[in-house]
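# Structure at a glance
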Amino acid sequence: MLLIYPAIILENITIGNTLKILHFSDTHLGYNDLDILDENNVNQREADFYDAFTQVVQQIEEIKPDYIIHTGDLFHRSSPSNRAITFALEQFSRINSFGIPFVIIAGNHSTPRTNLSSPILKIFESYENIYLSYSQEYKKIEFDNIVFHTLPHMNDDTRALEQIEKCESNIDKTKKNIMMLHCSVGAWYLMQEFGEWVYPTDKEYIFQSMDYVALGHWHGFGSVGKHENVYYSGSTERTSLNDKRNSKGFILANIDESLDIEYKEINIRPIILKQIDCENYEEEIKSLDVSDTKDAIVEVKLINLTALQSIDIQNKEIKELFEDAMSVSIKREFKKNTNDVSVDDIEALSLEDYFLEHIKEDVKDDKENDRLKLKVQELFSKYEEANNDTV
């Protein structure tokens, strides 16, 4: 059979009628954050991403799916570190040894922005059971009873439309058809990243011709809109505190006459939100439960905070409450007050002046007023020194 577009045809190893496909995505190997090192002097968050990937590989070995698919952003950067590359090569060697076909496409994080750089996924071309799609074009990867229609991330929207049309013309109604994309399907799934690809709405009808549409890019698990066969598997770890509500894992898609989706959760480092109402600060501190914060990333939100309270409540004092946590970040939400400085005034003032205005209005005792002024000036002086050191 003559194929017009890039394709690979292989003998299928599936026994029985149901096809079992393990779908994971957005593993972002090499991501690091928080400047905390583990016992091996590796950034702890980077190590967390390696651990999440290893858990999925362990599940692949146990489940033994018929096919494995990864829908993009294997690495966090298009030029990853030596450690990230070494880790990936080791894990891909392990996956390759399972003898299970593994299809992977490039995401926006793993795609160079110019043609001068070589796509990082090329390093896996020597593995016999791993099939790659990274050239910003449609690629058909075909087995005896299933076709993977791969559309990796594309930097050019016009080119992307042409590639989608090639995909549509290659649907094989005698086989199962799986579409693989790394993009946003609708504005709801935008990640607000430079160069992300938005799938055209007027081409969504193609999804109806597919047995399963596997998506990457959005970091939360779920089906997309009205399409019952279109799913994001989500990322395997969290790249943002805003992602704290999403569990992490992978999809096991069972395809027969109908589609059955199972979501398999993996164990990752928890992100815990704690809220302290500063209207009753002392009581809130006394009753604060920290039993669930061991080794966690903790986000503390101080609410109903006044400017005067904020001066006296030190971040160090809050962080010491969570001595078993891996990391603690603090957000301050100021109490709305009709006597506060107006928005227009705030824009005209420096942040330091804003605090000094509150002291002038609210503190009538001269000694306390002087103490707080000195404290504000000391705090902002340290802040400016720290900023100047990083310039």
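In what follows, the accompanying structure is described. Only a predicted model underlies this, so the values are computations on that prediction, with no experimental measurement involved.

The next subject is the overall build of the protein. Secondary structure assignment for the protein yields nine helices and 16 strands. Taking all 391 residues of the protein together, 48% fall into the buried category. Restricting the contact set of the protein to residue pairs at least 6 apart, pairs at least 24 apart contribute 70%. A total of about 20000 Å² of accessible surface is found on the protein, and carbon and sulfur atoms cover 45% of it.

The subject of this paragraph is the nonpolar core. In terms of nonpolar packing, the biggest core is built from 34 residues, with Leu22, Phe24, Phe53, Leu74, Phe92 and Phe124 touching the most fellow members. At seven residues, helix α1 (residues 44-63) tops the list of elements feeding residues into this core. The residues touching Leu74, leaving out its near neighbours within four places in the chain, are Thr27, His28, Leu29, Phe53, Phe92, Ile104, Ser110, Leu121 and Phe124. In terms of nonpolar packing, the next biggest core, distinct from the first, is built from 21 residues, Ala160, Cys167, Trp197 and Tyr232 among them.

Along the chain, the position of Ser133 falls in strand β5 (residues 130-133). In terms of polar contacts, Ser133 uses its side chain to reach the side chain of Thr150, at 2.9 Å. Apart from the residues within four sequence positions on either side, Ser133 is in contact with Ile104, Ile105, Ala106, Lys139, Thr150 and Pro152.

The subject of this paragraph is the environment of Asp35. Position of Asp35 among the secondary structure elements: in the loop between β2 (19-24) and α1. With relative accessibility at 76%, the residue Asp35 sits in the exposed group. It is 8.5 Å that separates the C-alpha atoms of Asp35 and Arg45, two residues lying 10 residues apart in sequence.

Quick look at the sheet that holds β2 now. The strand order across the open sheet formed by six strands is β5-β4-β3-β2-β12-β13, and the pairing between neighbours is mixed. Strands at the two margins of the open sheet, each flanked by one partner only, are β5 and β13 (259-265). If you compare each strand with its neighbour and ignore which way they point, the axes differ by 20 degrees on average. By the bridge criterion, seven bridges tie strand β12 (residues 249-255) to β13 in an arrangement that is antiparallel. Along β13, the bridge assignment pairs Phe250 with Lys264. Packing of α1 onto the sheet brings it into contact with β2, β3 (67-70) and β12, and relative to β2 it is tilted by some 175 degrees.

At their nearest, the axes of α1 and helix α2 (residues 82-97) sit 11 Å apart, and the two run at 5 degrees to each other. One finds that α1 runs roughly parallel with respect to α2. Contacts between α1 and α2 involve Glu46, Tyr50, Phe53, Thr54, Val57, Gln58 and Glu61 from the first element and Arg83, Ala84, Phe87, Gln91, Phe92, Arg94 and Ile95 from the second. Looking at side-chain class alone, the contact of α1 with α2 contains seven nonpolar, three polar and four charged residues.

Now for the packing of aromatic side chains. Within this structure, the stated rule accounts for 19 aromatic pairs. Measuring from ring centre to ring centre gives 4.8 Å for Tyr31 and Phe49, while their planes differ by 35 degrees; the resulting arrangement is tilted. On the criterion of sequence distance, the pair formed by Tyr31 in the loop between β2 and α1 and Phe49 in helix α1 is long-range, its members being 18 residues apart. The exposure classification of Tyr31 matches that of Phe49, with both residues buried. Look at Phe92 and Phe124: their rings are 4.0 Å apart centre to centre, the planes differ by 20 degrees, and that puts the pair in the stacked class. Of this pair, Phe92 sits in helix α2 while Phe124 sits in the loop between β4 (102-105) and β5; the two residues are 32 residues apart in sequence, bridging distant segments of the chain. When sorted by exposure, Phe92 lands in the same class as Phe124, which is buried. Taken together, the ring pairs connect Phe24, Tyr50, Phe53, Phe75, Phe87, Phe92, Phe102, Phe124 and Tyr127 into an aromatic cluster.

In this section: α2. With 16 residues, α2 should reach 22 Å at 1.5 Å per residue; the first-to-last C-alpha distance of 23 Å fits that figure. Of all the residues in α2, the buried ones are Ala84, Ile85, Phe87, Ala88, Gln91, Phe92, Ile95 and Asn96. The arc that holds every buried residue of α2, seen down its axis, measures 165 degrees, which confines them to one face. Every exposed residue of α2 that faces more than 90 degrees away from the buried side is listed here: Asn82 and Ser97. On the buried face of α2, the contacting elements are α1, β3, β4 and β5. Just past α2, the residue Gly99 takes up positive phi, approximately 75 degrees.

Parameters at a glance
Residues numbered from 1 in each chain as written. Predicted model: local features only at pLDDT ≥ 70, side-chain atom pairs only at ≥ 80, totals over all residues. Heavy atoms only, no water. Helix = DSSP H or I, 4+ residues; strand = E, 2+ residues; numbered from the N terminus. Buried < 20%, exposed > 50% of the residue type's maximum accessible area, 1.4 Å probe, protein only. Contact = heavy atoms within 4.5 Å. Areas by Shrake-Rupley, 256 points an atom, 1.4 Å probe, with all protein chains shown as cover. Core = buried A, V, L, I, M, F, W, Y, C linked by side-chain atoms within 4.5 Å. Polar contact = N/O pair within 3.5 Å; in protein donor to acceptor, adjacent residues only side chain to side chain. Pairing = 2+ DSSP bridges. Axes fitted to C-alpha atoms, helices over the stretch in contact; angles between N-to-C directions. Parallel < 35°, antiparallel > 145°, perpendicular 65-115°, else oblique. Nonpolar A, V, L, I, M, F, W, Y, C, P; charged D, E, K, R; others polar. Phe/Tyr/Trp six-rings, centres within 6.5 Å; stacked < 30°, edge-to-face > 60°. Expected span 1.5 Å × (residues − 1). Arc of directions from axis to C-beta.

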